[in-house]
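Here is how the chains run, residue by residue.
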Amino acid sequence: QLVESGGGLVQTGTSLRLSCAASGRPFSSYTMGWFRQAPGKEHEFVAVRRRFAGTVEYADSVKGRFTMSSDNAKNTVYLDMNGLQSEDTAVYYCAASFNQFTITPDEYSYWGQGTQVTVSS
């Protein structure tokens, strides 16, 4: 089970931290991804942490502004979002995949409920 938290309404240029708490197996045994979905759009890849290796990759749209990190003791992954822009407004989801590495939403087996991030100017 994955449970996200930390969303909210913020102003342009500010920051938010999203959390994704995993229960059951250690998250390190999954490839963990962050995705977002804006109204009327498909799920968009944001960031991914490779299973076991732990290396992280980002979508070009968030590179340099967002950071994905993790805490093994808490079995939690985070998404630190800085310099938020209106185009970052979306429901953010964390997801878990058994694949070694994937940014394709259909290849993720487990999804959280999502947390809304709204950026206003």
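Coordinates for the structure precede this section.
Since the structure is predicted, the reported quantities are computational estimates derived from the model, not experimental observations. (Residues numbered from 1 in each chain as written. Predicted model: local features only at pLDDT ≥ 70, side-chain atom pairs only at ≥ 80, totals over all residues. Heavy atoms only, no water.)

Caption draft 1: Examining the pairing of strand β11 (residues 115–120) more closely. The alternating pattern of β11 places Thr 115, Val 117 and Val 119 on a buried face, while none of Gln 116, Thr 118 and Ser 120, on the opposite face, is buried. Sheet topology places strand β2 (residues 8–11) next to β11; four bridges connect them, and they run parallel. The partner of Gly 8 across the bridge, within β11, is Val 117. Taken together, the three bridges between strand β9 (residues 90–97) and β11 define a ladder with antiparallel strand orientation. Counterpart to Ala 90 in the pairing with β11 is Val 117. (Buried < 20%, exposed > 50% of the residue type's maximum accessible area, 1.4 Å probe, protein only. Helix = DSSP H or I, 4+ residues; strand = E, 2+ residues; numbered from the N terminus. Pairing = 2+ DSSP bridges.)

Caption draft 2: Looking closely at the pattern of salt bridges. What the rule picks out here adds up to six salt bridges. For Arg 50, the salt bridge is made with Glu 57, and the minimal N-O distance between the two is 3.0 Å. Several salt bridges share partner residues, and in doing so they unite Arg 36, Glu 44, Arg 65 and Asp 88 into one network. (Salt bridge = Lys/Arg side-chain N within 4 Å of Asp/Glu carboxyl O.)

Caption draft 3: Here's a closer look at the sheet that holds strand β8 (residues 76–81). Read from one edge of the open sheet, four strands run β1-β3-β8-β7, paired in antiparallel fashion. Unpaired on one side and paired on the other, β1 (2–5) and β7 (66–71) mark the two borders of the sheet. Going across the sheet, the axis of each strand differs from the next one's by a mean of 15°, ignoring polarity. Sheet topology note: the β7/β8 ladder contains six bridges and is antiparallel. Bridging across to β8, Met 68 finds its partner in Leu 79. (Axes fitted to C-alpha atoms, helices over the stretch in contact; angles between N-to-C directions.)

Caption draft 4: Structural context of the packing of aromatic side chains. A full pass over the atoms with the stated rule returns eight aromatic pairs. A centroid spacing of 6.0 Å and a plane angle of 85° characterise the contact between Tyr 30 and Tyr 110, whose relative ring orientation is edge-to-face. Of this pair, Tyr 30 sits in the loop between β3 (16–22) and β4 (31–37) while Tyr 110 sits in strand β10 (residues 110–111); the two residues are 80 residues apart in sequence, bridging distant segments of the chain. Overall, the relative accessible area of 40% leaves Tyr 110 in the partly exposed class. The interplanar angle of 70° and the centroid separation of 5.9 Å between the aromatic rings of Phe 98 and Tyr 110 together place this pair among those described as edge-to-face. (Phe/Tyr/Trp six-rings, centres within 6.5 Å; stacked < 30°, edge-to-face > 60°.)

Caption draft 5: Expanded view of the nonpolar core. Met 32, Trp 34, Val 46, Phe 66, Leu 79, Met 81 and Tyr 92 are the most contacted members of the largest nonpolar core, which has 31 residues in total. For this core, the secondary structure elements donating two or more residues are β3, β4, β5 (44–49), β7, β8, β9 and β11. Examining the composition of this core, we find that five residues originate from one element, β9, more than from any other. If sequence neighbours within four positions are ignored, Tyr 92 has contacts with Glu 4, Leu 18, Phe 35, Arg 36, Val 46, Phe 66, Leu 79, Met 81, Gly 114, Thr 115 and Val 117. (Core = buried A, V, L, I, M, F, W, Y, C linked by side-chain atoms within 4.5 Å. Contact = heavy atoms within 4.5 Å.)

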